[in-house]
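Notes for the structure review
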Amino acid sequence: MVLLQHPPIPAELLAEPMSAFDAAEFDRAVMTTYGRYPLALERGAGCRVWDTEGREYLDFVAGIATCTLGHAHPAMVAAVTQQIQTLHHVSNLYYIPEQGALARWLIDHSCADRAFFCNSGAEANEGAIKLARKYAHTVLGIEFPVILTAHASFHGRTLATVTATGQPKYQKGFSPLVPGFHHVPYNDIAALEATIDHLDQAERQVAAIMLEALQGEGGVRPGERAYFQRIREICDEKGILLILDEVQVGMGRTGKVWGYENLGIEPDIFTSAKGLGGGIPIGALLAKEFCSIFQPGDHASTFGGNPFACAVALSVCQTLERDNLIVNAQERGEQLRQGLRAIAHKYPDSIAEVRGWGLITGLELKAEIALTAGEIVKAAIGEGLLLVPAGPKVLRFVPPLIVTAAEIEQALQAVDRAIATVTA
Ligand SMILES: *Cc1c(COP(=O)(O)O)cnc(C)c1O
């Protein structure tokens, strides 16, 4: 891939050069919210990144399913450069043509009729929750609307979205949580129907069901077609909204533009973020026409949909289409899972299952052994491959959608060596 030649930046405009990286100094200055691996990344190109020591890694994390086009992609470089030189931020007090163009692309490539833009997955899900509540009050006439979400789901870290998230470990220490959420087991239609009936009797009626088409953070668990199709029927029968959180699986990641296309259903509302801007912060709330119940003043975001983020996201969308990256996601995903199944065959005592759609794949370790995904991630770093766990027992593979067959092969060899090391 040929990188663009950039005009040199005048020396007096350059930021002060950074001093040598000092992890201890970093840890004194930055809040202690993250557990970090002991490396600092400073440069990337395509599916590769380099750390401050000059070591090269194959990046199968991609900013956690975010860098759709990898690093320093010429289309993104061009969009960033052009838009920052033209207009980067104004306000939604005015029309923003780039925002309209991005909304048009998204609704032309999905079941949605309208889009609202924000800055992250959690913020997009907050918007979905507010839209569902407004629908419950104004259309369904429900006084205490409840949104059902799934065990092992992940919807974000704000108070409402961490309440929606069906994992107690993310909620511990942050009570009181937000009322109006109830969790049900994923892929279990009987439990869902029983919960809806039970809540109806308690006069806390269900207004919406919010799910991931494939649970990412919760262990790379694909949704079952029959489950989602029955949910769609229930929603239609009762006038309940189906909200899909497409933050991790949308934007081509699963080998379709949206994760729900794998299930043969359409949601009423869905959200996007991670892959949408290819690594530039942007989120989107997308919905069918009923979303016009949102009136001017009902919802807003200062940065949401600014010219910069929208121009870059649009370049990601157009590149996805022009370079057939969704087909690449299908083919490279199949190649990866085939290779991982061959590796699983070599370590039958350690590996339980390989699963996924397109370029989101999980390798699950046997529950009865002590080995964790985190230990393999550390060994893989030593082999020049970046991976991220999805829970304690699942290794997650979410490379950029531009990944090549040779890079998949190289990653497979590195995983094999890493597993050999930790099981030796
Ligand atoms: C990452 C993620 C979120 C949260 O996105 P942020 O941008 O971190 O707020 C929400 N839902 C899903 C499914 C995610 O994977």
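Structure report, in brief. Just so you know, these numbers come straight off a predicted model, no measurement behind them.

Calculation notes
Residues numbered from 1 in each chain as written. Predicted model: local features only at pLDDT ≥ 70, side-chain atom pairs only at ≥ 80, totals over all residues. Heavy atoms only, no water. Helix = DSSP H or I, 4+ residues; strand = E, 2+ residues; numbered from the N terminus. Polar contact = N/O pair within 3.5 Å; in protein donor to acceptor, adjacent residues only side chain to side chain. Near = heavy atom within 4 Å. Areas by Shrake-Rupley, 256 points an atom, 1.4 Å probe, with all protein chains shown as cover. Axes fitted to C-alpha atoms, helices over the stretch in contact; angles between N-to-C directions. Left-handed = near helix turned anticlockwise from the far one by under 90°. Contact = heavy atoms within 4.5 Å. Nonpolar A, V, L, I, M, F, W, Y, C, P; charged D, E, K, R; others polar. Parallel < 35°, antiparallel > 145°, perpendicular 65-115°, else oblique. Phe/Tyr/Trp six-rings, centres within 6.5 Å; stacked < 30°, edge-to-face > 60°. Buried < 20%, exposed > 50% of the residue type's maximum accessible area, 1.4 Å probe, protein only. Patch = residues over 30% accessible without salt bridge, like charges linked within 9 Å, V, L, I, M, F, W, Y side chains within 5 Å. Salt bridge = Lys/Arg side-chain N within 4 Å of Asp/Glu carboxyl O.

**Things to note about unusual backbone geometry**
A cis amide bond links Ser-175 with the next residue in sequence, Pro-176, at an omega value of 0°. For Pro-176, the position within the fold is in the loop between helix H7 (168-171) and strand S6 (181-184). Notably, Ala-62 is not glycine yet its phi reads approximately 50°, a positive angle. With respect to the secondary-structure elements, Ala-62 resides in helix H2 (residues 62-65). A positive phi angle, close to 60°, is found at Ile-64, a residue other than glycine. Along the chain, Ile-64 turns up in helix H2.

**Regarding the side chain of Thr-165**
One can find Thr-165 in the loop between helix H6 (159-164) and H7. Looking at Thr-165, its side chain comes within polar contact range of the main-chain nitrogen of His-155, at 2.8 Å.

**Regarding the site of the ligand**
Taken together, Ser-120, Gly-121, Ala-122, Asn-125, Phe-154, His-155, Gly-156, Glu-212, Asp-245, Val-247, Gln-248 and Lys-274 are the residues near the ligand. One nitrogen or oxygen atom from the main chain of Phe-154 is found 3.2 Å from a nitrogen atom belonging to the ligand. Coverage of the ligand by the protein amounts to 81% of the 390 Å² it exposes when considered alone. Broken down by element, the residue count for the shell around the ligand peaks at three residues, all from helix H5 (residues 121-140).

**Remarks on the packing of helix H4 (residues 97-108) against helix H10 (residues 307-322)**
Two numbers describe how H4 lies on H10: the axes approach to 8 Å, and their chain directions differ by 35°. The interaxial crossing formed by H4 with H10 has left-handed handedness. Seen from H4, the contacting residues are Glu-98, Gln-99, Ala-101, Leu-102 and Trp-105; seen from H10, they are Pro-307, Cys-310, Ala-311, Ala-313, Leu-314, Cys-317 and Glu-321. In terms of residue class, the contact of H4 with H10 is made up of nine nonpolar, one polar and two charged.

**Quick word on the packing of helix H12 (residues 373-382) against helix H13 (residues 405-423)**
For the pair H12 and H13, the least separation of the axes is 8 Å and the interaxial angle reads 120°. Between H12 and H13, the crossing angle belongs to the class labelled oblique. Of the two possible hands of crossing, H12 and H13 adopt the one that is right-handed. Only Ala-418, Ile-419 and Val-422 of H13 make contact with H12, whose side of the interface consists of Glu-375, Ile-376, Ala-379 and Ala-380.

**Examining the packing of aromatic side chains**
A full pass over the atoms with the stated rule returns eight aromatic pairs. The interplanar angle of 65° and the centroid separation of 5.5 Å between the aromatic rings of Tyr-260 and Phe-270 together place this pair among those described as edge-to-face. In this pair, Tyr-260 is assigned in the loop between strand S10 (241-245) and strand S11 (269-272) and Phe-270 in strand S11, connecting sequence segments ten residues apart. On the basis of relative accessible area, Tyr-260 is assigned to the buried category, the value being 4%. Residue Phe-270 is classed as buried on the basis of its relative accessible area, which comes to 1%. Taken together through their ring pairs, the aromatic side chains of Tyr-186, Tyr-227 and Phe-228 make up a single cluster.

**Here we look at the side chain of Arg-253**
Checked against the element boundaries, Arg-253 lands in the loop between S10 and S11. If we skip the residues at most four places from it in the chain, Arg-253 touches Ala-65, Gln-248, Ala-329, Trp-357, Gly-358, Leu-359, Ile-360, Val-398, Pro-399, Pro-400 and Leu-401.

**What to know about a nonpolar patch on the surface**
On the surface, a nonpolar cluster with roughly 330 Å² of combined accessible area is contributed by Ile-9, Leu-13 and Leu-14. Its location among the elements puts Ile-9 in the segment before helix H1 (23-29). For Ile-9, a relative accessible area of 54% corresponds to the exposed category.

**Focus: the pattern of salt bridges**
The tally for this structure, following the rule as stated, stands at 22 salt bridges. Taking the shortest distance from any N to any O, the salt bridge between Arg-232 and Asp-268 comes out at 3.1 Å. With Arg-232 in helix H9 (residues 225-238) and Asp-268 in the loop between S10 and S11, the pair connects residues that are 36 residues apart, well separated along the chain. Each member of the pair, Arg-232 as well as Asp-268, carries the same accessibility label: buried. Salt-bridge contacts for Asp-323 lead to Arg-322; the nearest nitrogen and oxygen are separated by 3.1 Å.

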